[in-house]
Amino acid sequence: MAPSGTRAAEAELAQALRTGPFHLALRTALSARGLALHRVQHRLAQRGVKVGVTSLSYWQQGARRPRRPESLRAVRMLEEVLELPAQALTRLLLEPAGRPAAERPAARSYRSLVEESRTVHRLLTDLESPEDGGLHTVCQLERVLVGARRELRSRTSQHVVRAHRDGVDRYVAIHHGDEGCDPGRVAVRATENCRVGRLRWDEATGVLVAELLFDTRLRAGDTHVFGYGFEDGTGGASSEYVRGFSFAGGQYVLQVRFDDAALPVRCRRFSQTSAGAPRCGQQELTLTGRHRGVHLVEQGVRPGILGIAWDWS
C-alpha cells in the first residue's frame, strides 16, 4: 500500500490536472515527482528538447505561458518526463486559462529600483523566482531599529498582499545591508502566517533574498496577511532606509527608531522615480516621543522609491 503522503500528493496532482490552471498543474507535478528543474531540463535534453531552467521556472510560476511550437513540444515531453497521461498538461494550454486574474496594478521593473539589480536578478534566478512574483501590496507597515553603534539592527514588516494570478504560495523578501554587512550572519524571522524557505546572499554587496512560504496557494484576487523580519547589526553606520515599489497602489508606513545613545541631528523623507534619479519630495521629520522615532505614511504608493534619510553630524 502506498504511504499516505504519496496518496495525498497523487490526489492533489489529479485535482490540479483536472482543474488547472496549467502553471499550478505543472508545479504540482514537479512536487509530486520530487524533480528539481535542472533535472527536468537534463531529461528533456536527453529527449532532444532544449529549454532553459528559467523558462521552466516561469511556466510553473505562471509568469509566462508556453505558446510557440517548440515550447508546446517541450510540454508534450514534460508529460513523459513527469509520467503524466498524454495531453494532461497540453490540454490545459488549449483551454481558456480560467477565471480572469485580478487586475494587475501599474508596474515598473525592479531593475530601475535597486542599485544592485544584477545581484538581485542573479539571486532570484537561483531561487527560480520570476521578477513578477504574482503579488502586489495592499498595505505594509515596516519598523526599522537603528542601534547604539548607529547600525541597522533590525527591521520587521507586517504585510498585506493581493495575488494577481492563480497559484501564488510565496513571497521573496530582499534585504540590502549597509556597507560592511555580512549577509550570511543576518537572521531571517517568520513571525506570522509564513515560514522561511530558501536563502541566497551575496557577500560582496550585502544583499540577501529570502523565500517566505505560505501554507496556502492563493487564487487571483485573494489576500494574505503575513509578518517577517531581518536581524542584522553586522554593517557599519546606517544613514538611510529605502523601499522600492514595483507596483502602484496600496498604503505604506515606515517607522524608524533610534537608540538613545545614537540620535541623528536631522531626518528627512524623500522619494525617487528610480535608483539613479535625483531625490525629490524631501520633507524634514522631527524626532518625537519617548521612542525617538520618525515615520512616513504614503496612502497611494506610486512605482518608485520611498525612504527616510538621517545625518549624524
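For the structure itself, look to the data block above.
Conventions we followed
- Along each chain, numbering runs from 1 in the same order as the chain's sequence is written.
- Per-residue local features are limited, in this predicted model, to residues with pLDDT of at least 70; the limit for side-chain atom pairs, both in listing and counting, is 80 or more; totals at the level of whole chains, interfaces and linings are taken over all residues.
- Excluded from the side-chain calculation are hydrogens and water; included are all heavy atoms of the structure.
- Under the DSSP-based scheme used, a helix requires at least four consecutive residues in state H or I and a strand at least two consecutive residues in state E, with every element numbered from the N terminus.
- Each residue is assigned to one of three classes by its accessible area relative to the maximum for its type, calculated with a 1.4 Å probe on protein chains only: buried under 20%, partly exposed between the two thresholds, exposed over 50%.
- Think of it this way: Lys and Arg go in the positive column, Asp and Glu in the negative one, and His and the chain ends go nowhere.
- By convention, the charge on Lys lies at NZ, on Arg at CZ, on Asp at CG and on Glu at CD.
- Only strands that DSSP links by at least two bridges are regarded as paired with each other.
- Axis definition: a line fitted to C-alpha atoms, limited for helices to the stretch in contact. Angles are taken between N-to-C directions and run from 0 to 180 degrees.
- A carboxyl oxygen of Asp or Glu within 4 Å of a side-chain nitrogen of Lys or Arg is what we treat as a salt bridge.

**Details of the overall build of the protein**
- Tallying secondary structure elements over the protein gives seven helices and 13 strands in all.
- Overall, the protein is about 70 × 35 × 35 Å in size when its C-alpha atoms are taken along their principal axes.
- Looking at the protein as a whole, 44% of its 313 residues qualify as buried.
- Of the charged side chains in the protein, 45 are positive and 35 negative; the average position of the first set lies 4 Å away from that of the second.

**Comments concerning the sheet that holds strand 9 (residues 251-258)**
- Pairing is mixed in the open sheet, where six strands are placed in the order 4-7-2-1-9-12. On the outer flanks of this sheet lie strand 4 (187-192) and strand 12 (293-298), each paired with one strand and no other. Neighbouring strand axes in the sheet, compared pairwise and without regard to direction, differ in orientation by 15° on average.
- Of the strand pairs in this sheet, strand 9 and strand 12 are connected by six bridges, and their pairing is antiparallel. When the bridges of strand 12 are listed, V256 appears paired with V294.

**Topic: the pattern of salt bridges**
- Tallied over the full model, the rule gives 23 salt bridges.
- For E80, the salt bridge goes to R47, with nearest N and O atoms at 2.8 Å. Within this pair, whereas E80 is found in helix 5 (residues 69-81), its partner R47 is found in the loop between helix 3 (37-46) and helix 4 (53-61), the two being separated by 33 residues in sequence.
- For R47, a relative accessible area of 31% corresponds to the partly exposed category.
- Ionic pairing is found between R219 and D166, a salt bridge with its closest N-O pair at 3.8 Å. Of this pair, R219 sits in the loop between strand 6 (207-218) and strand 7 (223-231) while D166 sits in the loop between strand 2 (152-163) and strand 3 (168-176); the two residues are 53 residues apart in sequence, bridging distant segments of the chain.
- Because the salt bridges share partners, they merge into one network encompassing R27, D169, R170, R198 and E211.

**What to know about the sheet that holds strand 13 (residues 304-311)**
- Here we have four strands laid out as an open sheet, ordered 8-13-10-11, and antiparallel in their pairing. On the outer flanks of this sheet lie strand 8 (240-245) and strand 11 (280-285), each paired with one strand and no other. The sheet shows a mean angle of 15° between the axes of neighbouring strands, direction not considered.
- With seven bridges connecting them, strand 10 (residues 266-272) and strand 13 associate as antiparallel partners. Among the inter-strand pairings, S271 is bridged to a residue of strand 13, identified as L306.

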